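Architecture at a glance
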Amino acid sequence: MPSISESGTFKLGHRLVRRLGYGAMQLAGPGVFGPPKDHAAALAVLREAVASGVNHIDTSDFYGPHVTNRIIREALHPYPEDLVIVTKVSARRGADGSWIPAFSRAELTQAVHDNRRNLGLDVLEVVNLRSMFNAHHPAEGSIEAPLTILADLKRQGLVRHIGLSNVTPTQVEEGRRICDIVCIQNHYNVAHRDDDALIDDLAREGIAYVPYFPLGGFSPLQSDTLNSVAARRNATPMAVALAWLLQRAPNILLIPGTSSVAHLRENLGSVALTLSENDLRELNGIGAS
Ligand SMILES: NC(=O)c1ccc[n+]([C@@H]2O[C@H](COP(=O)([O-])OP(=O)(O)OC[C@H]3O[C@@H](n4cnc5c(N)ncnc54)[C@H](OP(=O)(O)O)[C@@H]3O)[C@@H](O)[C@H]2O)c1
């Protein structure tokens, strides 16, 4: 299998990470709530990711809640020196699994401490503030108050770098006036391309763009075009979707999520695939339709 170092690297804060990373949300139970079906399998996925060269893992303490971070700690602590774990704050979970916005100073401070404790880290390398004006897609509204609180926590030395998630270009601008922003994590994939212009702007500024749902999320991508390009290239549709993202812009860092070692290997295998101009033209048609 080709090494994932062939995916190249991009700057995340002051660290260089490989462009193929791993998103840990799928390691919690159904609905991202409670323990996983197979605890040993969850540990195996994380260990295989790191053994394969992944040095960027995305998580949050509200996955589970607390479950995913504790599994990461159990699988990987003490962490390899080059591993960057990115977490996010903004919500807490109700007893029924609901997602409750949590932006007060007390809630954000608690979230940072919960992430530190459950991950076993003194300092969180990157924390994304996830906007919740609309839980499902970016919506306008000022992020000044919670971002100022997170910037205070950074000044206290609990957080090294700050990113934003589920945000509009206006919120990115607002955020950058408040503090240094090292990454933007929004919903984006070959079929969902609202952020095309934002990605290009961030690339020019040297800011990482980390698409969530790179494979379509809870309903993985299904497309005849993906299938036909995959068949022609002797690859899987998911590998094609990831290869398309790697070729889309140099500042894109991938965090595909999976609870299965077989899928992890398939996803990391996307590094071997270089799509032709013809492939890209066809695939670009998916987002346009
Ligand atoms: N900032 C935010 O608001 C936000 C929101 C959502 C997610 N995230 C982050 O983004 C990461 C990625 O998103 P995601 O995990 O939700 O979605 P995703 O990476 O787009 O897709 C994950 C889904 O695809 C399946 N899958 C993965 N690899 C596959 C393969 N090779 N073949 C077939 N199916 C495959 C997974 O099932 P299996 O487990 O069966 O493989 C899972 O159902 C998350 O893990 C999380 O860290 C952030």
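Residues numbered from 1 in each chain as written. Predicted model: local features only at pLDDT ≥ 70, side-chain atom pairs only at ≥ 80, totals over all residues. Heavy atoms only, no water.

1. A closer look at the site of the ligand
- Among the 26 residues in the neighbourhood of the ligand, the closest are listed as Asp58, Arg130, Thr258, Ser259 and His263.
- Within the backbone of Gly216, one N or O atom sits 3.2 Å away from an oxygen atom of the ligand.
- Note that an oxygen atom of the ligand is positioned 2.5 Å from one of the side-chain N or O atoms of His263.
- Calculation on the ligand without its partners gives an accessible area of 890 Å², and the protein chains cover 88% of this total.
- With respect to the pocket detection grid, the ligand is positioned in the largest pocket.
- Split into classes, the residues belonging to the shell around the ligand amount to 11 nonpolar, 11 polar and four charged. (Near = heavy atom within 4 Å. Polar contact = N/O pair within 3.5 Å; in protein donor to acceptor, adjacent residues only side chain to side chain. Areas by Shrake-Rupley, 256 points an atom, 1.4 Å probe, with all protein chains shown as cover. 1 Å grid on protein atoms, 1.4 Å probe; cavity = no way out; pocket = protein on both sides within 12 Å on 5 of 7 lines; lining within 4 Å. Sits in = over half its atoms within 2 Å of the grid points. Nonpolar A, V, L, I, M, F, W, Y, C, P; charged D, E, K, R; others polar.)

2. Concerning the pattern of salt bridges
- What the rule picks out here adds up to 16 salt bridges.
- Here Asp152 and Arg155 are joined by a salt bridge, their closest N and O atoms 2.5 Å apart. One end of the pair, Asp152, and the other, Arg155, are both in helix H4 (residues 144–155), three residues apart, so they sit about a helical turn from each other.
- Among the salt bridges present, the one from Asp196 reaches Arg193, with a minimum N-O distance of 3.1 Å.
- Among the charged side chains, a salt-bridge network with shared partners connects Arg193, Asp196, Asp200 and Arg248. (Salt bridge = Lys/Arg side-chain N within 4 Å of Asp/Glu carboxyl O. Helix = DSSP H or I, 4+ residues; strand = E, 2+ residues; numbered from the N terminus.)

3. Examining the sheet that holds strand S8 (residues 124–130)
- Strands sit in the order S3-S4-S5-S8-S9-S10-S11 across an open sheet of seven strands; the sheet is parallel. This sheet does not close on itself; its edge strands, each paired only once, are strand S3 (22–23) and strand S11 (208–209). (Pairing = 2+ DSSP bridges.)

4. Considerations on the packing of aromatic side chains
- Taken as a whole and assessed by the stated rule, the structure comprises six aromatic pairs.
- Ring geometry for Phe62 against Trp99: centres 5.5 Å apart, planes inclined by 80 degrees, an arrangement best described as edge-to-face. Placement of Phe62 in the loop between strand S4 (56–58) and helix H2 (67–76) and of Trp99 in strand S7 (residues 99–101) is noted, with a sequence separation of 37 residues between them.
- The class of Phe62 is buried, set by a relative accessible area of 6%.
- Since its relative accessible area comes to 39%, Trp99 is described here as partly exposed.
- Residues Phe213 and Phe218 carry aromatic rings whose centres are separated by 5.8 Å and whose planes lie at 70 degrees to one another, so their mutual orientation is edge-to-face.
- Its guanidinium or amino end placed over the ring of Trp99, Arg93 lies 3.6 Å from that ring's centre, counting from NZ or CZ. (Phe/Tyr/Trp six-rings, centres within 6.5 Å; stacked < 30°, edge-to-face > 60°. Buried < 20%, exposed > 50% of the residue type's maximum accessible area, 1.4 Å probe, protein only. Lys NZ or Arg CZ within 6 Å of the ring centre and 35° of its normal.)

5. With respect to the layout of surface pockets
- Computed from the structure, the largest pocket encloses a volume of approximately 1,200 Å³.
- Lining of the largest pocket is provided by 46 residues; of these, Met25, Gln26, Phe213, Gly217 and Phe218 occupy positions nearest its centre.
- In terms of residue count, helix H9 (residues 261–268) provides more of the lining of the largest pocket than any other element does, three residues in total.
- In terms of residue class, the lining of the largest pocket is made up of 23 nonpolar, 17 polar and six charged. (Points joined across faces, edges and corners; volume = space filled by probe spheres on them.)

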